[in-house]
Structure formats: C-alpha cells, structure tokens
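Remarks on the overall topology
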Amino acid sequence: MTNNANANVHLVTGATGTVGRQTVLELLSRGHAVRALTRDPAKADFPDGVEVVRGDLADPASLVPALEGVVGLHLITFDGGLFAPLETGPDIVGLATEAGVRRITVLNGGGDTPLQKAVQAGGIAWTVIMPVEFMANALEWAEGIRADDTVREPFVGRLSAMVHEGDIGAVTAVALSEDGHGGKTYLITGPEALTIQDKADTLARARGREIEVVELTEAQAVEQWRAAGQPEEVIGFLLEVYGNTPPEGRTPIGTVAEVTGRPARTFAQWAAEHADAFRSRS
C-alpha cells in the first residue's frame, strides 16, 4: 500500500468488481495516484502502487477519510452486499463536494438509479458509463465447457456487441482523469456483434478444442438459472434482454476508440487471454 493522501488521487469504489478492478489498473498504468475502496481490504489483491482503503457506500461517513485529496471519484449504484439500489447518493455527493472532487464517473445500474440521479443533480462534472454485455460473462460457461465441451443457452441466435471489461475500465479512467467528459453518457460496446455460436467457436479456437452449443427452451433456461441460484427478478431480466436484445446491446459503436484513442478489443483477444479457464483440468 502507498500513501497518496497529499496527491491528486482517483478513488474507485466497487474496486474489486469487474469494472472497478479494470479502472484501478488502467489508472495505475496511466501513472495516476489511485485509491481502491473495498469493504474487505485483506481480499483486494491489487498491485503495488494502489492504496487500498476500507469503506462502504451504504455508510457515507466511512468515505470521509478515503475522499481526502481525491479529484476523481468512480461510483457504483448498488449496495455491494445486497445489490439493492443505494439511497445514499445525496450524502456521497455532498461529501465529495466538500472534499474538492472535480469529476465523478457512475457505472450505470440499468436505469436512473437514485445514486445516479443524485450525481447528475449535483454540481460536480459527471460522466455515466453504460457498457453493454461484458465479455467476462462468458466465464459463466467455463465449468460446463471444462466438463463436457458444451454451452447450454437459450436464444442462441441473439446478437451481442459484448465489450471487453478492460475497455470499460479504460473509458472510465479517461473520463475520470481528464476534462471534457462532463455531462456525457458513454454507451460502450465491443467492435463486433456475435451470436452464441460465434462466441463458442472463438473460445474453441482459443483453447484448441471444439465446443458444442445446445439450445435450451425458455423453460429449460429458467430451470438452469434457478438451479444456479439466480433470483427471480434476475431470471426475468435475462429472459427479456436475451430474448429481445435492444439495438444498443447488439450494435457496435466507436466509443472506445473515440475516448481512448485505440480500437476496442475483440472477443478473440479476450478468449486468448482467458483460454486456460475453458480447458479441462484433468
């Protein structure tokens, strides 16, 4: 851990999550002082140079020490434990204003959540980060692929412009650390729209072994998700978004290149980086 209290620090909440971790690493790679907020610092596992601090967005008072010297603040909109929409936005924005925060990025929580509304109503320059499906979601297939070289999903013909989580972190890091992004909502996609078969074929090439795609009925999918412990509201959301993916979720756009100056990473790149997760361990 390093002490960045007197530097222009960028504070990342939800730091151990998929996007938060990538934002921390991107900020670090760009030479910024970065502070990672988590409720359990002992499990954070960040590289040297990242200051890890304890805090909880559901308890705004816990953020006061973490906000010292912070110029850029990245926020999530849900409670990390219960995934309930956070109602503490006004308090957080007030504390950020008192601390002299200049920019806030908010990871969109699927709509106008109370915290996002509070940030947009505050006086600090804000940017909403709105990614489509994460490439990292493919890790949900890893166990089945390792077991019997099979992906079992409904709606196998659906298209997804899925985005590399590193690109979400890169866009967030730029918006958090540079001027000119205030008041903007960045929809972030990957460079191509892929079917489930496309994704399975890409993973097969990366791991060096074929993968079969088995299409489930909606009823079979619901049974599978329930067996995996998914709440009913999540199951309903999955049926809607997979069965009727909105144009935003299946249409590649150039946000990553426009904001970061480099092209969005492909699913083939992601698959190569994670190929071992899909290989049998026997």
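Residues numbered from 1 in each chain as written. Predicted model: local features only at pLDDT ≥ 70, side-chain atom pairs only at ≥ 80, totals over all residues. Heavy atoms only, no water.

1. Remarks on the packing of helix H7 (residues 218–227) against helix H8 (residues 232–243)
Running from N to C, H7 and H8 cross one another at 140°; their axes reach a closest spacing of 10 Å. Taken as axis vectors, H7 and H8 run oblique relative to one another. In the packing of H7 onto H8, the handedness of the crossing is right-handed. Contacts between H7 and H8 involve Glu218, Val222, Trp225 and Arg226 from the first element and Glu232, Ile235, Leu238, Leu239 and Tyr242 from the second. Classifying every residue of the contact of H7 with H8 by side-chain character gives 6 nonpolar, no polar and 3 charged. (Axes fitted to C-alpha atoms, helices over the stretch in contact; angles between N-to-C directions. Helix = DSSP H or I, 4+ residues; strand = E, 2+ residues; numbered from the N terminus. Parallel < 35°, antiparallel > 145°, perpendicular 65-115°, else oblique. Left-handed = near helix turned anticlockwise from the far one by under 90°. Contact = heavy atoms within 4.5 Å. Nonpolar A, V, L, I, M, F, W, Y, C, P; charged D, E, K, R; others polar.)

2. Details of the confidence of the model for the protein
Residue-level pLDDT values for the protein average 94, and 96% of them are 70 or greater. Taken together, the stretch residues 1–6 has pLDDT below 50 and engages in 17 contacts with residues farther than four places along the chain or on a different chain. (pLDDT = per-residue confidence, 0-100.)

3. Quick look at the side chain of Asp149
Within the fold, Asp149 resides in the loop between helix H4 (142–148) and strand E7 (150–153). If sequence neighbours within four positions are ignored, Asp149 has contacts with Gly144, Arg207, Arg209, Glu210, Ile211 and Glu212.

4. Structural notes on the packing of aromatic side chains
This model, assessed by the stated rule, comprises 3 aromatic pairs. Considering the side-chain rings of Trp270 and Phe278, the 6.1 Å spacing of their centres and the 65° angle between planes classify their relative orientation as edge-to-face. The burial state of Trp270 is the same as that of Phe278; both residues are buried. Taken together, the ring pairs in this structure connect Phe267, Trp270 and Phe278 into an aromatic cluster. Just above the ring of Phe46 sits the side chain of Arg21; from NZ or CZ to the centre is 4.4 Å. Cation over ring: Arg158 sits above Tyr242, and NZ or CZ is 3.9 Å from the ring centre. (Phe/Tyr/Trp six-rings, centres within 6.5 Å; stacked < 30°, edge-to-face > 60°. Buried < 20%, exposed > 50% of the residue type's maximum accessible area, 1.4 Å probe, protein only. Lys NZ or Arg CZ within 6 Å of the ring centre and 35° of its normal.)

5. What to know about the nonpolar core
In terms of nonpolar packing, the biggest core is built from 26 residues, with Leu11, Leu67, Leu73, Leu75, Val101, Ile104 and Val119 touching the most fellow members. At the level of secondary structure, the elements contributing two or more residues to this core comprise strand E1 (9–12), strand E2 (33–38), strand E4 (70–75), helix H2 (89–99), strand E5 (103–107), helix H3 (114–121) and strand E6 (125–131). Element by element, the count of residues in this core is highest for H2, at 4 residues. Apart from residues lying up to four places away in sequence, Leu73 is in contact with Leu11, Thr13, Leu67, Ile92, Ala96, Val101, Arg103, Ile104, Thr105 and Leu176. Core analysis: the next-biggest nonpolar cluster, separate from the first, contains 21 residues, Ala204, Ile211, Val213 and Phe278 among them. (Core = buried A, V, L, I, M, F, W, Y, C linked by side-chain atoms within 4.5 Å.)

6. A few points about the environment of Leu216
By the secondary structure assignment, Leu216 is in the loop between strand E9 (212–215) and H7. Given the relative accessible area of 12%, Leu216 is considered buried. When the C-alpha atoms of Leu216 and Pro154 are compared, they prove to be 4.5 Å apart, with 62 residues separating the residues in sequence. If near-sequence neighbours (up to four positions away) are discounted, Leu216 is found in contact with Arg152, Glu153, Pro154, Ala221 and Gln224.

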